[in-house]
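One-letter residues, chain by chain:
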Amino acid sequence: MMFKRVHKWLSLAVFIQLFIWLGSGFLLGKLDMDKAAGRDTLVRNNPTSFARFYENTDDNSGAVNTPFVSVKSLLKNYPMTSEIELSRLFDQVIYKLKINAGQHDYQASHYKLVDAISGELIDLSAEELAPTDKKLIYQIARFSYKDSAFGSSQTQNPNLSADQSEKMSVAGLLYPPIEDLPRERNAVWQINVDDVSQTSIYIRAQTGDVIAHVNDETRWRDLLLMLHFMDYAEEGSFNNWFIKIFAVMTLLLSGTGAWGLYRLFSDGRIKITWFDRNKMLLVHSEKLPKAVTLSASANSSILDALSASNIEIRSICGGGGLCGTCKFKGEPELLITAADRERLTPDELALGYRLACQHVMKEVSNIELNQH
Ligand code: FES
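All of these numbers come straight from a predicted model, not from anything done at the bench. (Residues numbered from 1 in each chain as written. Predicted model: local features only at pLDDT ≥ 70, side-chain atom pairs only at ≥ 80, totals over all residues. Heavy atoms only, no water.)

**Some remarks on the environment of Leu10**
To keep it simple, the criterion reads: Every helix listed is a DSSP run of H or I at least four residues long, and every strand listed is a run of E at least two residues long, numbered separately from the N terminus. Only protein chains enter the area calculation, which uses a 1.4 Å probe; residues under 20% of their type maximum are buried, those over 50% are exposed, and those in between are partly exposed.
Its place among the elements puts Leu10 in helix 1 (residues 2-30). For Leu10, a relative accessible area of 9% gives the class buried. Here the alpha-carbon distance between Leu10 and Leu252, two residues 242 residues apart in the chain, equals 7.8 Å.

**With respect to the sheet that holds strand 9 (residues 200-204)**
Going by this rule: Here a strand pair is declared whenever DSSP counts at least two bridges between the two strands. Note on method: axes are straight lines fitted to C-alpha atoms, helices fitted across the in-contact stretch only, with angles between N-to-C directions ranging 0 to 180 degrees.
With antiparallel pairing, 4 strands are arranged side by side in an open sheet as 7-8-9-10. Where the open sheet ends on each side, the last strands, each with one partner, are strand 7 (168-174) and strand 10 (210-214). Each neighbouring strand pair of the sheet contributes to a mean axis angle of 20°, computed without reference to strand direction.

**A word on the packing of helix 1 against helix 7 (residues 241-266)**
Stated formally: In these notes the angle categories are as follows: under 35 degrees is roughly parallel, over 145 is roughly antiparallel, 65 to 115 is roughly perpendicular, and the rest is oblique. We call a crossing left-handed when the near helix sits turned anticlockwise from the far one by less than a right angle, and right-handed when that turn is clockwise. A contact between two residues is defined here by any heavy atoms of the two lying within 4.5 Å. Three classes are used: nonpolar for Ala, Val, Leu, Ile, Met, Phe, Trp, Tyr, Cys and Pro, charged for Asp, Glu, Lys and Arg, and polar for all others, with Gly counted as polar.
Put simply, helix 1 and helix 7 touch, their axes get as near as 9 Å, and they point 135° apart. In terms of orientation, helix 1 lies oblique with respect to helix 7. The two elements helix 1 and helix 7 cross, and the hand of that crossing is left-handed. Within the contact between the two elements, helix 1 uses Phe3, Val6, His7, Leu10, Ser11, Ala13, Val14, Gln17 and Trp21 and helix 7 uses Phe246, Met249, Thr250, Leu252, Leu253, Thr256, Gly257 and Trp259. Considering only residue class, the contact of helix 1 with helix 7 consists of 11 nonpolar, 6 polar and no charged.

**So, the layout of surface pockets**
Where empty space is left in the structure can be found by rolling a water-sized probe over the atoms. Cut-off, in case you're wondering: The way it works is a 1 Å grid over only the protein atoms, where trapped points that fit a 1.4 Å probe form a cavity and open points with protein on both sides within 12 Å along at least five of seven lines form a pocket, and then any residue with an atom within 4 Å of a point lines it. Grid points are joined across faces, edges and corners, and a volume is the space filled by probe spheres set on the points.
Taken as a whole, the largest pocket holds about 910 Å³ of empty space. Residue lining of the largest pocket: 28 residues in total, with Asp180, Leu181, Pro182, Arg221 and Asp222 positioned closest to the centre. Of all elements in the fold, only strand 10 and helix 6 (216-228) reach the threshold of two or more residues within the lining of the largest pocket. With 7 residues, helix 6 is the single largest residue contributor to the lining of the largest pocket. Partitioned by chemical class, the residues of the lining of the largest pocket number 14 nonpolar, 4 polar and 10 charged.

**Quick word on the side chain of Thr218**
Counting through the fold element by element, Thr218 comes out in helix 6. For Thr218, a relative accessible area of 4% gives the class buried. Setting aside residues no more than four positions away along its own chain, Thr218 makes contact with Lys35, Ala36 and His213.

**Regarding the environment of Ile20**
Summarising the element assignment, Ile20 is placed in helix 1. The partly exposed category is assigned to Ile20, whose relative accessible area is 26%. Sequence-wise, Ile20 and Met230 are 210 residues apart; in three dimensions their C-alpha atoms are separated by 9.2 Å. Other than its neighbours up to four places away in sequence, Ile20 contacts Leu227 and Tyr232.

**Points about the UniProt feature "transmembrane region" (unreviewed entry) in the protein chain**
This is how it is decided: UniProt positions are given in the numbering used here, feature names are shortened, and annotations may be inferred rather than shown by experiment.
Those places that UniProt annotates as "transmembrane region" (unreviewed entry) correspond, in this numbering, to residues 241-262. Annotation note: span residues 241-262, helix share 100%, strand share 0%, distance between end C-alpha atoms 32 Å.

**Some points on the pairing of strand 4 (residues 92-100)**
Relative to strand 4, strand 3 (residues 83-89) is paired through 7 bridges, and the arrangement is antiparallel. Its bridge partner being in strand 4, Leu89 is matched across the sheet by Gln92. Count of turn residues in the strand 3/strand 4 antiparallel hairpin: 2 residues, of which Phe90 carries a positive phi of about 55°. Direction of pairing for strand 4 relative to strand 5 (residues 110-115): antiparallel, over a ladder of 6 bridges. Paired with Leu97 across the two strands is Lys112, which belongs to strand 5.

**Thoughts on the sheet that holds strand 4**
With antiparallel pairing, the 4 strands of this open sheet are ordered in space as 3-4-5-6. Pairing within the sheet leaves two strands with one partner each, and these edge strands are strand 3 and strand 6 (121-122).

Below is the structure:
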């Protein structure tokens with residue numbers, strides 16, 4: 001009985017999640033993935049060339065002159081640096097110094113940004129930014145946003161028209177956990193755009209990189225992915241605890257199902273027969289004026305056969321062997337199943353009472369129904 005109950009609740013849980021999988025998978029298939037990835041508004045900058053900053057000296061030594069701060073002096077000022085990248089921050093050439101960082105960009109990291117020409121430190125991770133740095137954040141965001149998304153045909157321009165500028169605002173510096181970016185472990189600037197999709201532009205404060213454009217479609221996709229991958233704790237991964245527990249539950253469901261099947265075979269309630277003949281059954285009941293003979297498939301349950309012939313018999317659990325209400329009286333030698341033993345008293349069993357949902361037509365030829 002224990003197995004049956006466990007199997008029943010497991011199958012309910014697995015069915016609900018299967019339904020969620022199917023529903024979320026179907027809706028994911030209907031999504032516009034370009035829009036959900038923010039690609040309809042996002043402008044990716046082309047790789048920057050710094051060749052124009054380099055010039056050969058005239059002394060044929062092969063040496064080059066650049067206006068950039070030397071790497072040597074950078075390392076002297078920032079000895080913890082593990083990697084240096086010459087990069088661009090909107091219209092400034094900068095050095096991006098990696099102090100430490102994880103394998104993925106979203107992992108907690110430590111960078112320093114240095115103006116490659118003046119050597120000044122640029123810190124975009126302070127909550128109260130200087131007006132020039134705040135403008136820089138705004139310009140980076142603005143430059144990553146397609147003009148066409150504003151319904152304008154002008155070329156990419158960091159300066160918005162008066163009408164457009166009202167639609168974009170620097171909302172603030174956010175720290176993890178960030179609702180729109182569940183995996184992100186660094187502080188980010190959020191810039192909100194009042195467009196039809198309520199786009200939010202996210203810029204990593206340590207590096208000034210545009211991480212993502214998140215819009216309503218992205219949020220809907222993330223909700224569906226969360227349901228689809230059972231990422232209910234929003235770990236941002238399908239290798240989460242819920243899915244592991246669910247895998248164990250599915251294994252248990254299969255195990256209890258296989259055990260139940262084995263019990264049905266060993267109790268003789270299921271037999272593989274090539275020809276399923278009909279069997280006659282004589283039924284005596286206080287509620288019938290006289291005995292009735294019914295005919296049904298030899299392998300159908302007695303409960304099903306009685307119901308199909310409109311002969312009244314109680315059944316609260318619908319044939320699950322749980323309520324013990326579908327009693328009939330047959331021969332005392334009739335096989336006793338585990339459900340019979342669980343639901344009926346030893347006296348009843350000795351008298352030949354059994355559960356109609358637990359026995360099949362071919363086991364009996366004559367039964368009595370005297371349920372009260
Ligand atoms: S119908 Fe409930 S035990 Fe048979």
